[in-house]
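# Inside the fold
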Amino acid sequence: MTRARDVAGALHRPLPEPPEALRRGPLREDAWRSPLRSERTAAILGVAVGIAFGVCFLTGLISHYIQNPGSWFYWPSRPVQLYRVTQGLHVVSGFAAIPLLLAKLWTVYPKLWEWPPVETVAHALSRLSLLVLVGAGIFQLVTGVVNVARWYEVFPFFFTVAHYWTAWIAIGAILVHIGSKLTIIRRGLSRESPDLGSVDASTNDEDSGGLSRRGFLTVVAATAGTAAFTTAGQTVPALSKFIVFGQRDPGLGPQGLPVNQSAVAAGVTETAVDPAYRLVLEGATRLELTLADLRDLEQHTVDLPITCVEGWSASATWTGVRFATLLDLMGVPEDGEVQVESLQTGGLYRASTLAPPHSRHPLTLLALQLDGEDLHLDHGYPARLIAPNRPGVMQTKWVTLVSRR
Ligand code: HEM
Ligand SMILES: Nc1nc2c(c(=O)[nH]1)N[C@H]1C(S)=C(S)[C@@H](COP(=O)(O)O)O[C@H]1N2
Ligand SMILES: [Mo]
């Protein structure tokens, strides 16, 4: 008990004041006077950043658990476009968060020059925690953008793992920050905000460079809106002509569909066209089907999007064999899981697990055709997996082996 009190005492004991002589430049008492940097602006921008990061966190977690499901996690096969919406939202709100975060940082940045810099140990710790908040926030945005730009090799760490764990740090730091600023946030958002009158009247205040708070917030909102709008074209066909950031126009690529990893990159250009190609089914017994055998099985046609985890997606029409038919040939029970493997010998996405409810869904195909033509080599010729409401990384191309797990 007394120990705890000792620690609390030490944390809050005033530290010696730094010499006044240091109080120059940005540390001057009235160095920062723009009324745009008010509590109210900070609170409004804070809410916007919080919403954007919250949406990113939730949609990101969904994407994570689809790819790494725990036994408690259930991801449905319908609506077939649901993942397209959640992951599209992830990248769109991520891009919108960039100007919002920059504006928020601009608004509160004078606090860096707070005087005295540290009053107590507790104060120092709380300032350090802001470093975690800002660092994790910027890290998420930078790594996300770099990944979407397909600049995979720049970082010495694996993107998904770093982005996943930093997401928890960022969201935790945001919650702590909200908790510690609750009074100020409430005051900033309330109509009776003390600085409301003074700033609204200051439209021509020279300290704000002639910009009113409303004007400033409008510029920020318009920038965030533009970022969102120009990113959304990756997944909303009607907006594709406004794409700026995503190089992924959903209509561009062989057979009118983008390609993430080409046949050349995957090293399958020879094996995929080899007449010796077989689809091997390893169930109770081992079955080998030629491409002609696959074509002789009952064919079905479905409309399903390819939805890359990187936020782009595009609708397409696929024709091929129902996966359920293959699972029946293998003697896989209703609740059985299978592993789907590619001719590709290396790489992270050469295989995927297919489990209920996707495995026997009538829309889940081993597709042989795209828009009525044989698959382009880059889209997985001779055969690729396509299932409803599933991330692109799990839509294995150049499939050659299906086995029981
Ligand atoms: C411009 C901003 C952002 C972009 C472009 C972006 C992009 C991405 C991409 C492409 C993925 C898929 C990774 C994969 O499965 O290979 C992803 C996953 C994820 N993102 Fe973001 N992201 C952004 C911001 C954020 C923010 C702010 C948070 C949370 C605070 C966040 C949390 C997550 C999480 C939790 C995942 C799942 C990681 C996993 O599958 O293990 N992202 N993000
Ligand atoms: N074997 C294999 N299959 C793969 C991949 C891969 O790298 N190797 N990439 C996946 C990814 S990330 C996506 S988004 C989809 C894209 O399919 P598409 O190239 O036909 O558009 O294929 C998936 N299937
Ligand atoms: Mo992808």
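Heads up: the structure comes first, above all this text.
A brief structural summary.

So, how was this worked out
- Residues numbered from 1 in each chain as written.
- Chains lettered and ligands numbered in written order.
- Predicted model: local features only at pLDDT ≥ 70, side-chain atom pairs only at ≥ 80, totals over all residues.
- Heavy atoms only, no water.
- Helix = DSSP H or I, 4+ residues; strand = E, 2+ residues; numbered from the N terminus.
- Rg over C-alpha atoms; globule rule 2.2 N^0.38 Å.
- Buried < 20%, exposed > 50% of the residue type's maximum accessible area, 1.4 Å probe, protein only.
- Contact = heavy atoms within 4.5 Å.
- Areas by Shrake-Rupley, 256 points an atom, 1.4 Å probe, with all protein chains shown as cover.
- Lys, Arg positive; Asp, Glu negative; His and termini not counted.
- Charge placed at Lys NZ, Arg CZ, Asp CG, Glu CD.
- Donors = N, O, S within 2.8 Å, 3.2 Å for Na, K, Ca; no water.
- Tetrahedral: all angles 85-135°; square planar, octahedral: opposite > 155°, others 65-115°.
- Pairing = 2+ DSSP bridges.
- Axes fitted to C-alpha atoms, helices over the stretch in contact; angles between N-to-C directions.
- Parallel < 35°, antiparallel > 145°, perpendicular 65-115°, else oblique.
- Left-handed = near helix turned anticlockwise from the far one by under 90°.
- Nonpolar A, V, L, I, M, F, W, Y, C, P; charged D, E, K, R; others polar.
- Near = heavy atom within 4 Å.
- Polar contact = N/O pair within 3.5 Å; in protein donor to acceptor, adjacent residues only side chain to side chain.
- Expected span 1.5 Å × (residues − 1).
- Core = buried A, V, L, I, M, F, W, Y, C linked by side-chain atoms within 4.5 Å.
- Patch = residues over 30% accessible without salt bridge, like charges linked within 9 Å, V, L, I, M, F, W, Y side chains within 5 Å.
- Salt bridge = Lys/Arg side-chain N within 4 Å of Asp/Glu carboxyl O.

In terms of regular secondary structure, the protein chain is built from eleven helices and ten strands. Computed over C-alpha atoms, the radius of gyration of the protein chain comes to 27 Å, more than 25% over the 22 Å expected from 2.2 N^0.38 for 405 residues, which places it beyond the range of a compact globule. Over its C-alpha atoms, taken along the principal directions, the protein chain stretches across nearly 85 × 55 × 35 Å. In the protein chain, buried positions account for 46% of the 405 residues. In the protein chain, the share of contacts with a sequence separation of at least 24, taken over all contacts with a separation of at least 6, comes to 69%. Summed over all atoms, the accessible surface of the protein chain reaches about 20700 Å², with 62% contributed by carbon and sulfur. Placing the 34 positive and 34 negative side-chain charges of the protein chain at their respective mean positions leaves the two points 7 Å apart.

Below, the discussion takes up the coordination of the iron atom of ligand 1. Taken together, His-90 (NE2) and His-163 (NE2) make up the protein donors of the iron atom of ligand 1, found 2.0 Å from the metal. Viewed at the metal, the six donor atoms of the iron atom of ligand 1 are separated by angles of 83 to 179 degrees, and the geometry they form is octahedral. With a gap of 73 residues between them, His-90 in helix 3 (residues 82-108) and His-163 in helix 5 (residues 159-180) connect regions that are remote in the sequence.

Below, the discussion takes up the pairing of strand 2 (residues 286-289). In the sheet, strand 1 (residues 279-282) pairs with strand 2 via four bridges, with the strands oriented antiparallel. Looking at the pairing, Glu-282 lines up with Arg-286 of strand 2. Taking the residues that link successive antiparallel strands as the turn, the strand 1-strand 2 hairpin has three residues.

Let's shift gears to the environment of Val-146. If you trace the backbone, Val-146 turns up in helix 4 (residues 121-148). With residues up to four places along the chain from it excluded, the contact list for Val-146 reads Trp-151, Val-154 and Phe-155.

Where helix 2 (residues 39-67) contacts helix 3, the axes come no closer than 8 Å and their chain directions differ by 150 degrees. Viewed along their axes, helix 2 and helix 3 adopt a mutual orientation that is roughly antiparallel. In this structure, the crossing between helix 2 and helix 3 has a hand that is left-handed. Of the residues assigned to the contact of helix 2 with helix 3, the class counts are 17 nonpolar, eleven polar and one charged.

Close to ligand 2 lie 20 residues, the nearest being Pro-258, Gln-261, Gln-344, His-379 and Lys-397. In this structure, a nitrogen atom belonging to ligand 2 sits 3.0 Å away from a main-chain N or O atom of Gln-395. Calculation on ligand 2 without its partners gives an accessible area of 530 Å², and the protein chains cover 99% of this total. Each residue belonging to the shell around ligand 2 can be placed in one class, and the counts come to eight nonpolar, eight polar and four charged.

With that out of the way, let us pick up helix 8 (residues 213-232). The end-to-end C-alpha distance of helix 8 is 28 Å, a good match for the 28 Å that 20 residues give at a rise of 1.5 Å each. Turning to helix 8, its buried residues number three or more, namely Arg-213, Phe-216, Leu-217, Val-220, Ala-224, Ala-227, Ala-228, Thr-230, Thr-231 and Ala-232.

Another point: the nonpolar core. Grouped together as the largest cluster of nonpolar side chains are 78 residues, with contacts concentrated most on Leu-279, Leu-294, Trp-318, Phe-323, Leu-326 and Val-338. In terms of residues, this core owes the most to one element, helix 2, which gives eight residues.

Now for a negative patch on the surface. Together, Glu-17, Glu-20, Glu-29 and Glu-119 make up a region of like negative charge exposed at the surface. Topologically, Glu-119 is positioned in the loop between helix 3 and helix 4.

A few words on the site of ligand 1. Among the 24 residues in the neighbourhood of ligand 1, the closest are listed as Gly-60, His-64, Gln-67, His-90 and His-163. For the shell around ligand 1, the elements supplying multiple residues, two or more each, are helix 2, helix 3, helix 4 and helix 5. Of the residues assigned to the shell around ligand 1, the class counts are twelve nonpolar, eleven polar and one charged.

Contact geometry for helix 3 and helix 4: axes closest at 10 Å, N-to-C directions at 140 degrees. Here helix 4 runs oblique to helix 3, going by the angle between their axes. The chirality of how helix 3 crosses helix 4 is left-handed. Of helix 4, the residues touching helix 3 (which contributes Val-91, Gly-94, Phe-95, Ala-97, Ile-98, Leu-101 and Leu-105) are Val-134, Gly-137, Ile-138, Leu-141, Val-145 and Val-148.

Attention now goes to the pattern of salt bridges. Once the charged atoms of two side chains with opposite charge are near each other, the side chains can pair. Using the criterion set out here, one finds ten salt bridges in the structure. In this structure, Arg-405 and Glu-337 form a salt bridge, with 3.4 Å as the shortest nitrogen-oxygen distance. Remark: Glu-337 occurs in the loop between helix 11 (323-330) and strand 5 (338-342) and Arg-405 occurs in the segment after strand 10 (399-404); sequence separation between them is 68 residues. For Arg-405, a relative accessible area of 57% gives the class exposed. Judged by its relative accessible area of 33%, Glu-337 is partly exposed. A network of salt bridges, in which partner residues are shared, links Lys-111, Glu-114 and Arg-127.

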